[in-house]
Amino acid sequence: MKSAIINQLVNKTTFLVGNKKNAGKTTFLNYALKQVRKVVNPTFFTIGIDGETSDLIFDTPKPKIYTEIGDFVITSNLMINKSDALFDIFHVFPYKTVLGRLVLAKTLRSGTIELVGAEDNKQITEIVEYLKNEEEIKTIIIDGAASRTTQVASINNSNFYYIIKLDHKSINSDINKFKTIALISKFKSIDNILDVDTKNVFEIEGALTVSKLLSIPKNCDILVLNDFTKIFLDFSQITELTRKFEIAYKIPYQLISFVVILKDIKKEDFKKILKQHKIEETILYNPYEN
Amino acid sequence: MKIKETIQFIEFNTFYSEYAPLTPYGLQNKNKYHVFTDAKLLSSIHISIGKIVTFINEKPIICVKIENHFKKISLLNSLERKLFDSADIFLVKKLLVNYKNIVNLLNDTIKEDLQINFTSSELLSFLSLDGANKESFYLNASYSKDLEGNRKKLAEINQKLAEIKKERFSEILKEHNLDFRFRDFIVVEESQTINLNSNLVYKEVYDKNSLLIKPILPKEYFELHEKKEVLLTEEQLFEQDVLEKISSKILAEKETLKEYLQKLEMLDTLFAKARLAISYKMNPPVLGNIKEAIEVKNGYYLPLANKCAKLGEIYTPLNTEFKNKTCVITGSNMGGKTMLLKTIGFMQVLTQMGFWVPAEKFKTSVFDKIHYIGEDLSEKVEGLSSFGFEIHNLTEAIKDFDKNTLLLIDEFAKTTNSIEAKAIIAAMLKSFSQKVTLSSFVSTHFMELPEFENVSFYKMKGLDYSEYEKYYSKEKQYSLRERIKLINTFMRYEIIKTDSSDRTYDAIKIADILGLNEEIITYTKEYLRGNYD
């Protein structure tokens, strides 16, 4: 499993997306960083100041992020000054946050760092382009904002882990969300659909909402959306649509795996639930479990 | 100068989007849309572009290197402070490294012309203790003996802490098969935690089924950690001293740095303008006396010329030497009257924004004001009709007639009754021709306007109907797109000198080509011949 994670992350741009606040993204980030460092020094950053003050796994104050010698981090200059690690500043981005301008810094002495990140998708795109084109950085991990997937669509061909926290109280709605993400993540990129020219393609501008369903022509074969984050329908509505036509995206991306964090639910019981709902997705269970 | 309407009319941004300065300072300059009214300054800018064009042509690789340095420069944080942090200092260092490299790569002609030099070698060396020409920055221990000693102790403690952790983790792994090397904690089912050694690990409740296990580190680890905390606090104080030392050095050169930024902005914009000059085979405009009329030789209105090139259609460049400063342009519908005004406006705006022009020759003068009056391109003012809007704009423009003004008027009063509209245009021409500071170009459909001294009449050559008739087949069913293409093919977009008595009846031919019903065409012709009741 560990080597699989390394292969999934090295030389790629990967987002960590959570289904809710305190889903365990930062804890998973620390784990992923440690795995990646076996092969290459990662570059990591976060999106905005997500306001998560605690972590599911600890249920204690938010876990710190460790940076090791050779890692590149992007955070604000104030956080760089505050850290016990020592950094060499490589670039100052033009974006201002309330905690100072965003900087790219290389770790010279290990320590902990608080991340402050890009505030919109345009900034994420520009930052990733800068890292790839100017610094020739290839392994990038982005700690995404909780319960928002739109960021994943800011980068072409990005990957993401969907970290889903399931607890006894909200199991039904969590499973529905799980099923929805699993379903919409399987739709192909329009570039990968054969004989598109011979089919009736209809493109939805912006979000696919219930009110827009009426605008889809009856002879439509392929419904094209910009990306998977533009779907604002529930599982049953999407399932109904897939019976009528194929759904495709303009921006390709790949869901690497679900990372499932169980609380008050036994793994065996959860596997039974998956079976009931016919969910056969690749699942990475809490890597902190023995 | 406010030229928002003119910019919209001439579709300037389709060209301006290709103008690409590479530094944030050049981009800020671009976004100001600065229009110069100082002829001397404009001439010097046009000459400097020439020197850079020559340099790019002679030393293309060096110029790519220079542009690469432009791209690396970031916006500095404010220099109006007493203390800079590491990020501020990094930005200053990066500016100095790249500016120095740019100066070294430029030739003497440009350096002398723009008075560019680099005098901050000492400051740059001070900021480069960890390597000359290295662009990154951190507070290197070599800045202070105290900092050096402190960092050494910190490194030793960090190493010991790592060793203690490693030893404890291997102990736990051996005893309990729990691997903490890549995990800060491990979640274990409660039933499996009974035999865990409480000296090595401690347990917390995770959920109703599991416990969260964390390693217990030896006392020595925490003692060392406390020492580390003290050293980190000390380090911050030593770093503060170094920051103060570096800040004072930077502040001593504050004015020089500001001058570098100005020069950089100028150089970056000149390079971007020179790139466009080369790409569009542009020439420097000739700035003449304000009393002289405009002259254009092979002038290209790029927003249209580029479109034509894309569609594979022929573009006819503008060639004319206007005799007077008040010019009336008549001609067919779709005959290019508006394009002529746009070409003049485009060339003039380019000239006064410090660009070269896409023409073999563009002789003009520098205007204090440029006005466009025509179709309402912005949001309508509530309660004002198109005619009302034109009158309002004309009234505003007239206020500037005591200054050197270029006025472009496109089909004035076309929405009002033709008798009064023609009278107003005649009055305008009479008035304009008496203003020595005004150059005006008035396009109109109205024919037989009165002649005035100092007013020239021109017309667009119009449709080559005899050539068109040879090609056109009555039997063939043409689509609208094909009909428009036919008009474009046989329309002669050339300007010719004429007089006020010239009559152009292309409108009927155009209507015919566009497919207007034959009965109406016939009745129209009868009406014009006077045998229509």
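Reading guide: rules and limits
- Residues numbered from 1 in each chain as written.
- Chains lettered and ligands numbered in written order.
- Predicted model: local features only at pLDDT ≥ 70, side-chain atom pairs only at ≥ 80, totals over all residues.
- Helix = DSSP H or I, 4+ residues; strand = E, 2+ residues; numbered from the N terminus.
- Rg over C-alpha atoms; globule rule 2.2 N^0.38 Å.
- Buried ≥ 20, exposed ≤ 12 C-beta atoms within 10 Å, placed from the backbone.
- Contact = placed C-beta atoms within 7 Å.
- Nonpolar A, V, L, I, M, F, W, Y, C, P; charged D, E, K, R; others polar.
- Pairing = 2+ DSSP bridges.
- Axes fitted to C-alpha atoms, helices over the stretch in contact; angles between N-to-C directions.
- Core = buried A, V, L, I, M, F, W, Y, C linked by C-beta atoms within 7 Å.
- Domains from an automatic or database assignment.
- Expected span 1.5 Å × (residues − 1).

A. Summary view of the overall build of chain A. The helix and strand inventory of chain A stands at seven helices and 15 strands. By the compact-globule yardstick of 19 Å for 290 residues, chain A fits well, its C-alpha radius of gyration being 20 Å. The principal-axis extent of the C-alpha atoms belonging to chain A is close to 60 × 45 × 35 Å. By the burial criterion, 41% of the 290 residues in chain A qualify as buried.

B. Expanded view of the overall build of chain B. Counting its regular elements, chain B contains 19 helices and 13 strands. Per-residue burial over chain B gives 33% buried out of 533 residues. Summarising the internal contacts of chain B: among those between residues at least 6 apart in sequence, 76% fall at separations of at least 24.

C. Region of the structure containing the interface of chain B and chain A. Taken together, the contact between chain B and chain A spans 23 residues of the former and 25 residues of the latter. Those elements that place two or more of their residues in the side of chain B that touches chain A are helix H6 (86-105) and strand E1 (186-189) of chain B. In terms of residue class, the side of chain B that touches chain A is made up of 14 nonpolar, five polar and four charged.

D. Just the sheet that holds strand E3 (residues 210-215) of chain B, in detail. All names here are of chain B. Overall, antiparallel pairing links the three strands, which are arranged E1-E3-E2 in an open sheet. Across the chains shown, the open sheet's two edge strands, defined by having one partner strand only, are E1 and strand E2 (201-205). In this sheet, neighbouring strand axes are inclined to one another by 35 degrees on average, regardless of whether the strands run parallel or antiparallel.

E. Broad picture of the nonpolar core. Ranked by internal contacts, the top residues of the largest apolar core, which has 170 residues, are Ile89(A) and Ile163(A). With 10 residues, the single largest contributor to this core is H6(B). In this view, Ile89(A) contacts Val103(A), Ala105(A), Ser86(B), Ala87(B), Phe90(B), Ser136(B), Phe137(B) and Tyr138(B); residues no more than four positions away in its chain are not counted. By size, the runner-up hydrophobic cluster in this structure holds 10 residues, among which are Val201(B), Tyr206(B), Leu212(B) and Ile213(B).

F. Geometry of the sheet that holds strand E12 (residues 222-225) of chain A. All names here are of chain A. Strand order in the open sheet made by the four strands is E10-E13-E12-E11, with parallel pairing throughout. A strand with exactly one partner marks an edge of an open sheet, and here the two such strands are strand E10 (188-189) and strand E11 (201-203). Both E11 and E12 contribute to a ladder of three bridges, which runs parallel. Paired with Val-201 across the bridge in E12 is Ile-222.

G. Structural context of the pairing of strand E6 (residues 100-109) of chain A. All names here are of chain A. The buried count for E6 comes to seven of 10 residues, which makes it a mostly enclosed element. Summarising the sheet, strand E4 (residues 72-76) and E6 pair through five bridges and their orientation is antiparallel. For Val-73, the partnering residue across the bridge sits in E6 and is Ala-105. Relative to E6, strand E5 (residues 86-97) runs antiparallel, the two sharing eight bridges. Across the sheet, the residue bridging to Thr-97 is Gly-100, located in E6. Counted between consecutive antiparallel strands, the loop separating E5 from E6 contains two residues.

H. Quick look at the domain arrangement of chain B. All names here are of chain B. When the domains of chain B are assigned, the result is domain 1 (12-120 + 253-279), domain 2 (143-239) and domain 3 (286-502). Here the C-alpha centre of domain 3 lies 37 Å away from the C-alpha centre of domain 1. Across the boundary between the two partners, domain 1 contributes 16 residues, which contact 12 residues of domain 3. Listed by contribution, the elements that provide at least two residues to the side of domain 1 that touches domain 3 are helix H2 (12-16), helix H4 (39-58) and helix H11 (254-279).

I. Quick peek at H6(B). Between its first and last C-alpha, H6(B) extends 28 Å over 20 residues, near the 28 Å set by a 1.5 Å rise per residue. Where burial is concerned, most of H6(B) is hidden: 15 out of the 20 residues are buried.

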